[in-house]
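The lines below spell out each chain.
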Amino acid sequence: MATGSSSSNSRRDDYDEKTKNSLKFTSVKHLAEVVGVKELPSNYIFPVGERPNANVTVGTPLQYDLPVIDISGLEGPHRLQVVSAIGRACQENGFFQVINHGVEDSLISEVMRVASEFFQLPTEERDKFVSGDTMKAVRYGSSLNHMRDRVFCWRDFLKHYCHPLDKMLRLWPSNPSDYRSVVSSYSKDVRRLCVRIMSAVVESLGLPHNKYVVENGFSDEGSQVMVLNYYPACPEPELTLGIPPHSDYGCLTILCQDLIGGFQVLRQGQWEAIRPLPNSLTINIGDHIEVLSNGRYKSVMHRAVVNSEKPRMSVAAFMSLPFEANIGPAPELTDEHHPPIYRDTNFAEFMDLLTSKEYREGSFLDSIRLNAP
């Protein structure tokens, strides 16, 4: 493990200076698998207090099993039990895993396959989608903004909007040749799943379905973004992160991941690794739900760590209210004894915060939290 010797720093700085002078995006995959760096360039090394607690390797004991909920019961006589289980998971964990979710295992395998094939494309093919514009409909990168961030993440990602699908589809990669057909099918199924889970979350809070799933635009006009993540094997995983700690803006995130492991949640002040469960999807509630529930349900901090042995992949689907919609605590959940914890907010305010500072600095929820009574 490199700890900062003068020769190590010199090699790091030589590489960093060349990168800065070129002002050209360099993917992490290129660094790891083409250049074959044996040490992290200094701009990938996180401050000491933000690094993983220990070396992370494939086979590290996984510490935490999320609640597993069979949601096939949402359509049937056991709906109330399933809704109750989802409500408990949102209140106690902020995360849960779902099985019998309606997304075919074969489709999940296919979306992971085309994602892998995209990241295996030649550098120049992937770089067609590189942009520093965080609002671009399709964007390939590594950190939030490679032209501005001081510390980069050890991952590559492809992010694109999925709604409205008929307008966004033509902007997506056409290579691999079946990327659009596979990912669009997955996007449709995941959207339907999000609406089913959102309906259950709203019901578990005792809120009216039409008002908080239909009339607010979530079911028909809600924004939908998909992010494909590739985390190459890392020469010094103890010094960096794949994704720094954050909570998810929006309502729901649906995560599909391989079985390598590396996804961690913050529980009671400790980072705990989540055990990947075959044929399941991981659900977490986002900031919108914490705001809507007036703090009853928690949008939990999480991060991705990397390892020195194997690359890891995941596909995350984020669903939110329409971009122009406001979100605030549900009036049905506030009174003189339970005053609003958060003020109303919207996507534009979130983007202003996101583009004004590094992603790992602070929390969006902190920025809209009202003074405690």
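Structure shown above.
Summarised in this report is the structure supplied together with it.

Procedures and definitions
Residues numbered from 1 in each chain as written. Predicted model: local features only at pLDDT ≥ 70, side-chain atom pairs only at ≥ 80, totals over all residues. Heavy atoms only, no water. Helix = DSSP H or I, 4+ residues; strand = E, 2+ residues; numbered from the N terminus. Buried < 20%, exposed > 50% of the residue type's maximum accessible area, 1.4 Å probe, protein only. Contact = heavy atoms within 4.5 Å. Pairing = 2+ DSSP bridges. Axes fitted to C-alpha atoms, helices over the stretch in contact; angles between N-to-C directions. Polar contact = N/O pair within 3.5 Å; in protein donor to acceptor, adjacent residues only side chain to side chain. Expected span 1.5 Å × (residues − 1). Arc of directions from axis to C-beta. Parallel < 35°, antiparallel > 145°, perpendicular 65-115°, else oblique. Left-handed = near helix turned anticlockwise from the far one by under 90°. Nonpolar A, V, L, I, M, F, W, Y, C, P; charged D, E, K, R; others polar.

Things to note about the environment of Asp 189
And then number 1: Mapping Asp 189 onto the fold places it in helix 7 (residues 179-204).
And then number 2: Asp 189 gets classed as buried once you look at its relative accessible area, which sits at 16%.
And then number 3: In sequence terms Asp 189 and Glu 104 are 85 residues apart; their C-alpha atoms lie 8.9 Å from each other.
And then number 4: Setting aside its immediate chain neighbours within four residues, Asp 189 contacts Gly 102, Val 103 and Leu 107.

Remarks on the sheet that holds strand 3 (residues 138-141)
And then number 1: Across the sheet, eight strands lie side by side as 1-2-10-7-12-5-4-3; this open sheet has mixed pairing. Edge positions in the sheet fall to strand 1 (68-70) and strand 3, since each has one partner strand and no second. Going from strand to strand, the sheet's axes swing by 20° on average, the running direction of each strand aside.
And then number 2: In terms of strand pairing, strand 5 (residues 224-231) meets strand 12 (residues 312-319) through eight bridges, oriented antiparallel. When the bridges of strand 12 are listed, Val 225 appears paired with Phe 318.

Digging into the side chain of Arg 312
And then number 1: Relative to the helices and strands, Arg 312 is located in strand 12.
And then number 2: Side chain to side chain, Arg 312 and Gln 257 meet in a polar contact 2.9 Å long.
And then number 3: With sequence-adjacent residues up to four places away left out, Arg 312 is seen in contact with Asn 229, Tyr 230, Tyr 231, Gln 257, Asp 258, Ile 260, Gly 261, Gly 262, Phe 263 and Ala 304.

Concerning the environment of Glu 117
And then number 1: With respect to the helices and strands, the residue Glu 117 is situated in helix 4 (residues 105-119).
And then number 2: A C-alpha to C-alpha distance of 8.6 Å links Glu 117 and Asn 175, two positions 58 residues apart in sequence.

Here we look at helix 4
And then number 1: Here helix 4 contains 15 residues, and its C-alpha end-to-end distance of 22 Å stays within 8% of the 21 Å for a straight helix at 1.5 Å per residue.
And then number 2: Looking only at helix 4, the buried set comprises Leu 107, Ile 108, Val 111, Met 112, Val 114, Ala 115, Phe 118 and Phe 119. With its buried residues spanning 165° around the axis, helix 4 presents them on a single face.

Looking at the environment of Pro 245
And then number 1: Positionally, Pro 245 belongs in strand 6 (residues 243-246).
And then number 2: It is 5.9 Å that separates the C-alpha atoms of Pro 245 and Met 301, two residues lying 56 residues apart in sequence.

Side note on the packing of helix 4 against helix 7
And then number 1: Between helix 4 and helix 7, whose axes approach to 9 Å, the crossing angle comes to 135°. Judged on the interaxial angle alone, helix 7 and helix 4 are oblique. Helix 4 and helix 7 meet at a crossing whose hand is left-handed. Between helix 4, through Leu 107, Ile 108, Glu 110, Val 111, Arg 113 and Val 114, and helix 7, the contact on the second element is made entirely by Tyr 179, Val 182, Val 183, Ser 185, Tyr 186 and Asp 189.
And then number 2: Grouping the constituent residues of the contact of helix 4 with helix 7 by class yields eight nonpolar, one polar and three charged.

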